[in-house]
Amino acid sequence: MRTLPPIEYKTLTVLMPVFNEQSTVKEIVSRCLLVELPLEIDLVIVDDGSSDETAEVLATIEDPKVRVLTHATNQGKGAALRTGLSAATGDLVIVQDADLEYNPEDWRVLLGPVLEGRAVAVYGNRFSGSGKNMSGLHRFGNRFLSLVTSVLYAKKLNDMETCYKLFDRRVIAPIKVISDRFDFEPEITAKVLRQGYDIVEVPISYAGREFHEGKKITWRDGFGAIRALIRFRFSRTL
Ligand SMILES: Nc1nc2c(ncn2[C@@H]2O[C@H](COP(=O)(O)OP(=O)(O)O)[C@@H](O)[C@H]2O)c(=O)[nH]1
Ligand SMILES: [Mg+2]
């Protein structure tokens, strides 16, 4: 398994892609800023061309730890994360969605294996925590995509599609993300595993929302993910 020379981790960049999340973004930002960590955090928010009041809400946030970047038009979660990654300066990087499905307190659980020097990539597993709040279709889809990942990449993963992905920034710095939309998850997973790094999973809590509450991912994204998993398995570029 590939490793990296140990460094003293001092900073964590939290990447938050935001598209039309006017009702949750303020709350999730304040939850993020409340987490007590042994690291400095910097929160990079990418407003992905929101057409609701998200921009106005973001403008009310005044905290030196928070930076807001803006896409003039909507480009997708992958594109928003690509923008965020190019602005990331932390020794570590984690992704945080702008809804309330994930609990930032769980960052501490994700950081555990990294700060103990046991991992350079950690995913939050919604199935081993209290992941009961996932609808049947999403549960099946996520399970299936994780199984396809495990088979293609010879690495047992339970929750490939999880938002909570924490990396030593040296792991992802060489990667050029090309997926604009939800293909980001398979792409980054593929490119981390293909470099020879292990991904450690830890249990996290999950409060899934339904479509009527704003959930946007659908079975179409599931097919896109399978295509991406196959494509990135056999492509050579990082
Ligand atoms: N659906 C969607 N989400 C985006 C987009 N750009 C950024 N995001 C953000 O990406 C995150 C994941 O989206 P979400 O709809 O919660 O995905 P889901 O919960 O997996 O259905 C949220 O923070 C969104 O605000 C986009 O174009 N479409
Ligand atoms: Mg979500």
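In this text, all values refer to a predicted model and were calculated from it rather than measured experimentally.

### Re the nonpolar core
If you look at soluble globular proteins, the nonpolar side chains tend to sit buried side by side.
Next up, step 1: Counting 72 residues, the largest nonpolar core has Leu12, Met16, Trp107, Leu166, Ile188 and Val192 as the members making the most contacts within it.
Next up, step 2: Residues within four places of leucine 166 in sequence aside, it is in contact with Leu12, Leu92, Val93, Ile94, Leu110, Leu111, Val114, Val120, Ala121 and Val122.

### Considerations on the site of ligand 1
Next up, step 1: In the region of ligand 1, 18 residues are neighbours, and Pro17, Glu21, Asp48, Asp99 and Lys215 sit closest.
Next up, step 2: Here an oxygen atom of ligand 1 and a side-chain polar atom of lysine 215 are 2.7 Å apart.
Next up, step 3: Counted by class, the shell around ligand 1 contains six nonpolar, two polar and ten charged residues.

### Side note on the packing of aromatic side chains
Next up, step 1: Summed over the entire model, instances satisfying the criterion amount to five aromatic pairs.
Next up, step 2: When the ring of tyrosine 102 is compared with that of tyrosine 206, the centres are 5.3 Å apart and the planes differ by 65 degrees; the resulting orientation is edge-to-face. With tyrosine 102 in the loop between strand E4 (92–95) and helix H4 (107–115) and tyrosine 206 in the loop between strand E7 (200–203) and helix H8 (219–234), this pair connects stretches of sequence that are 104 residues apart. Each member of the pair, tyrosine 102 as well as tyrosine 206, is classed as buried.
Next up, step 3: Centre to centre, the rings of phenylalanine 140 and phenylalanine 144 are 6.1 Å apart; their planes meet at 10 degrees, and the pair counts as stacked. One end of the pair, phenylalanine 140, and the other, phenylalanine 144, are both in helix H5 (residues 136–153), four residues apart, so they sit about a helical turn from each other.
Next up, step 4: Using a relative accessible area of 57% as the deciding quantity, one classes phenylalanine 140 as exposed.
Next up, step 5: Taking the relative accessible area as the measure of exposure, phenylalanine 144 reaches 37% and is therefore partly exposed.
Next up, step 6: Geometry around tyrosine 206 places arginine 126 over its ring, the cationic atom sitting 4.9 Å from the centre.

### Quick look at the pairing of strand E3 (residues 66–71)
Next up, step 1: As paired elements, strand E2 (residues 40–48) and E3 share six bridges and run parallel to each other. In the sheet register, isoleucine 45 faces E3, and the bridge partner there is valine 68.

### Digging into the packing of helix H7 (residues 184–194) against H8
Next up, step 1: Two elements in contact, H7 and H8, have axes separated by 9 Å at closest approach and are oriented at 25 degrees. As far as their axial angle goes, H8 and H7 are roughly parallel. As H7 runs across H8, the sense of the crossing is right-handed. Between H7 and H8, the contacting residues are Pro186, Glu187, Ala190, Lys191 and Arg194 on the first element and Ala225, Ala228, Leu229, Phe232 and Arg233 on the second.
Next up, step 2: For the contact of H7 with H8, a count of residues per class yields six nonpolar, no polar and four charged.

### Quick notes on the environment of threonine 24
Next up, step 1: By the secondary structure assignment, threonine 24 is in the loop between strand E1 (11–18) and helix H1 (25–34).
Next up, step 2: A residue is classified by how much of its surface remains accessible, and threonine 24, at 11% relative accessible area, is buried.
Next up, step 3: Put simply, threonine 24 and leucine 100 are 76 residues apart on the chain and 6.7 Å apart in space, counted from C-alpha to C-alpha.
Next up, step 4: The residues contacting threonine 24, other than those within four sequence positions of it, are Ala98, Asp99 and Leu100.
Next up, step 5: Looking at threonine 24, its side chain comes within polar contact range of the main-chain oxygen of alanine 98, at 2.8 Å.

About the cut-offs
- Per chain, residue numbering runs from 1 following the sequence as it is written.
- Key to labels: chains lettered from A, ligands numbered from 1, both in the order written.
- In keeping with the model being predicted, local features are shown solely for residues with a pLDDT of at least 70 and side-chain atom pairs are shown and tallied solely at 80 or more, while totals for entire chains, interfaces and linings include all residues.
- Side-chain calculation: all heavy atoms of the structure are included, whereas hydrogens and water are not.
- Nonpolar cores were defined as sets of buried Ala, Val, Leu, Ile, Met, Phe, Trp, Tyr and Cys residues, with membership established by side-chain atoms within 4.5 Å.
- Accessible area is worked out with a 1.4 Å probe on protein chains only. A residue is then buried under 20% of its type maximum, exposed over 50%, and partly exposed in between.
- Should any heavy atoms of two residues lie within 4.5 Å, those residues are counted as being in contact.
- Working definition: residue near molecule or strand if any one of its non-hydrogen atoms lies within 4 Å of it.
- Contacts described as polar in this section are N or O atom pairs within 3.5 Å, which, within protein, must combine one atom able to donate a hydrogen with one able to accept it, while residues neighboring in sequence count only if both atoms come from side chains.
- Three categories are distinguished: nonpolar for Ala, Val, Leu, Ile, Met, Phe, Trp, Tyr, Cys and Pro, charged for Asp, Glu, Lys and Arg, and polar for the others, with Gly belonging to the last.
- Two aromatic rings from Phe, Tyr or Trp, using only the six-membered ring of Trp, form a pair when their centres are within 6.5 Å; if the ring planes differ by under 30 degrees the pair is stacked, by over 60 it is edge-to-face, and anything between is tilted.
- Only runs of H or I of at least four residues qualify as helices and only runs of E of at least two qualify as strands under DSSP, and these elements are numbered from the N terminus.
- By the criterion adopted, a ring carries a charge over it if an Arg CZ or a Lys NZ lies within 6 Å of its centre and within 35 degrees of its normal.
- By the convention used here, strands pair only if DSSP detects at least 2 bridges between them.
- Axis definition: a line fitted to C-alpha atoms, over the contacting stretch in the case of helices. Angles run 0 to 180 degrees between N-to-C directions.
- Should an angle fall under 35 degrees it is taken as roughly parallel, and over 145 as roughly antiparallel, whereas 65 to 115 is taken as roughly perpendicular and any remaining angle as oblique.
- Left-handed describes a crossing whose near helix is turned anticlockwise from the far helix through less than a right angle; right-handed describes the clockwise counterpart.

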